[in-house]
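# Working through the structure, step by step
Below, each chain spelled out in residue letters.
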Amino acid sequence: MGPFEMITKYGEHEEVLFCHDKNLGLKAIIAVHNTALGPALGGTRMWNYKTEEEALVDVLRLSKGMTYKAAAAGLNLGGGKAVIIGDPKTQKNEALFRAFGHFVNSLNGKYITAEDVGTSVQDMEHVFMETPWVTGIPKDFGGSGDPSPYTAHGVLMGIKASASEKFGTDSLKGMRVAVQGLGNVGSNLVKYLVEEGAQIIVADIDQNRVKKISDQYGAKAVSVDEILGVDCDIQAPCAMGAIVNDQTITKFKCKVIAGGANNQLAEARHGDQLRELGILYAPDYVVNAGGLMNVFVELEGYSPERAFEKTRKVYDNVKRVFEISKRDNIGTHTAADRVAEERIATIGRLKQRHPGKSSRTFTTLREVYNR
Ligand code: NAD
């Protein structure tokens, strides 16, 4: 399949930029999916893709996902993503990321980058040397640092909204919550859940993390094979994707699935199956948008208080998805897409009524995202 056919297949992207520097060995692709709501924001992934086609498919899918995530989060951001083809363990250097920064800069703020799988805050510092269009830079540079506590706080809000929908109360006191994965998001989530009075069951492949969290919070530990089938009220997946699949779907004993992991449904049909089983699924990209909200606040001039304030909105966003699901008699995963698409269409139309601004030269981040 040629690149244009792939762009058509994976989401009608506005712009795809192939970045190449032969001397430095830079091969990167930046995909701007949709800017109806604002500049396209999404991280830069560095990965040892086997083929260039694999890299293109990844960046096209991920950038479209960012459009939906930002739209459903109620942010004035569009969706974009970048991939650098290469081994993050051996092929990283300052020049590579500065050269990449040049390409980001050439898009004049239409695309704003951040760190992602395979890239670090230090890599973003190098990008920042060449372009202001980067978020997630260190706090010393006015950045927002680690987004995980904000992601976890948003997940807590998503869990509370789901509890309110399923159990008629958003109090988590005495609620049994299973947390799969105790990394950056999972460990912060456990802390918040304990503060809410929930009973926690945990599992991680890393036994040191399990011990630390069990000792610190009195959480009950089970094996990684047991966690998804454990008797509980709420499952909060915070490890890897595709945990709802043909093998696991009959194991769940919970009434709610609401967690931080990306791409929890192996396929969309698993969302429909959960609905048939009476398990309420809070769509992952609506629940885990707290980290994106945090970098959005960075664009305005960072304040942790405002970032936490923003992550509280996840509660209403998840509730809105449940409303649409009931209104249109569709699965919550489909309802989330509908919320995003409706917002893009509505705001896209509004923007057509303000042509006066389009001729301005934008010089600051704030002006650009307010477009
Ligand atoms: P992380 O790498 O810090 O933590 C992941 C944890 O999951 C690790 O402790 C790992 O040992 C554990 N794990 C892996 N496989 C497991 C298994 N089979 N069973 C149990 N535990 C397992 O990652 P993170 O930043 O905490 O992110 C967790 C998830 O949330 C990912 O899917 C990520 O894409 C998503 N997410 C993270 C953020 C963020 O701000 N960090 C934002 C949005 C979405």
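Only a predicted model underlies this, so the values are computations on that prediction, with no experimental measurement involved. (Residues numbered from 1 in each chain as written. Predicted model: local features only at pLDDT ≥ 70, side-chain atom pairs only at ≥ 80, totals over all residues. Heavy atoms only, no water.)

## Regarding the domain arrangement of the protein
Structurally, the protein comprises domain 1 (3-67 + 79-137) and domain 2 (148-330). At the interface, seven residues of domain 1 touch four residues of domain 2. Both sides of the domain 1 and domain 2 interface together cover about 450 Å² of buried area, and 75% of this is carbon and sulfur. Contact with domain 2 buries surface across domain 1, with L41, M66 and T135 losing the most and accounting together for 60% of the total. The tally of links between domain 1 and domain 2 comes to zero salt bridges. Connecting domain 1 to domain 2 are one residue pair in polar contact (both at pLDDT 80 or more). (Domains from an automatic or database assignment. Contact = heavy atoms within 4.5 Å. Buried area = accessible area lost by both parts, 1.4 Å probe. Salt bridge = Lys/Arg side-chain N within 4 Å of Asp/Glu carboxyl O. Polar contact = N/O pair within 3.5 Å; in protein donor to acceptor, adjacent residues only side chain to side chain.)

## So, the nonpolar core
Counting 84 residues, the largest nonpolar core has F100, I159, L172, V179, L189, L193 and V202 as the members making the most contacts within it. Tallying contributions element by element places helix α5 (residues 148-167) first for this core, with seven residues. A domain-level breakdown of this core finds at least three residues from each of domain 1 (3-67 + 79-137) and domain 2 (148-330). L172 has contacts with L156, I159, K160, A163, L193, E196, G197, A198 and I234, leaving out every residue within four places of it along the chain. If you look at the next biggest cluster of nonpolar residues, it comprises 18 residues, including A178, A203, L228 and V230. (Core = buried A, V, L, I, M, F, W, Y, C linked by side-chain atoms within 4.5 Å. Buried < 20%, exposed > 50% of the residue type's maximum accessible area, 1.4 Å probe, protein only. Helix = DSSP H or I, 4+ residues; strand = E, 2+ residues; numbered from the N terminus.)

## Quick look at the packing of aromatic side chains
Counted by the stated rule, this structure contains two aromatic pairs. Here Y150 and F308 contribute two aromatic rings whose centre-to-centre distance is 4.4 Å and whose plane-to-plane angle is 35 degrees, an arrangement assigned as tilted. With Y150 in helix α5 and F308 in helix α11 (residues 304-311), this pair connects stretches of sequence that are 158 residues apart. In this structure Y150 comes out as buried when scored by relative accessible area, which is 9%. (Phe/Tyr/Trp six-rings, centres within 6.5 Å; stacked < 30°, edge-to-face > 60°.)

## Quick word on helix α3 (residues 94-106)
Since the α-helix turns once every 3.6 residues, residues separated by three or four places project in the same direction. Compared with an ideal rise of 1.5 Å per residue, which puts 13 residues at 18 Å, α3 spans 19 Å between its outermost C-alpha atoms and is within 8% of the ideal. L96, F97, A99, F100, G101 and V104 are the residues of α3 that are buried. Where the residues of α3 are buried, they touch β1 (15-21), β2 (26-34), β4 (44-47), β5 (78-85), β6 (111-112) and α4 (121-128). Residue N93 occupies the N-cap position of α3, its side-chain oxygen lying 3.2 Å from the main-chain nitrogen of A95. N108, located one to two residues past α3, shows a positive phi value of around 55 degrees. (Expected span 1.5 Å × (residues − 1).)

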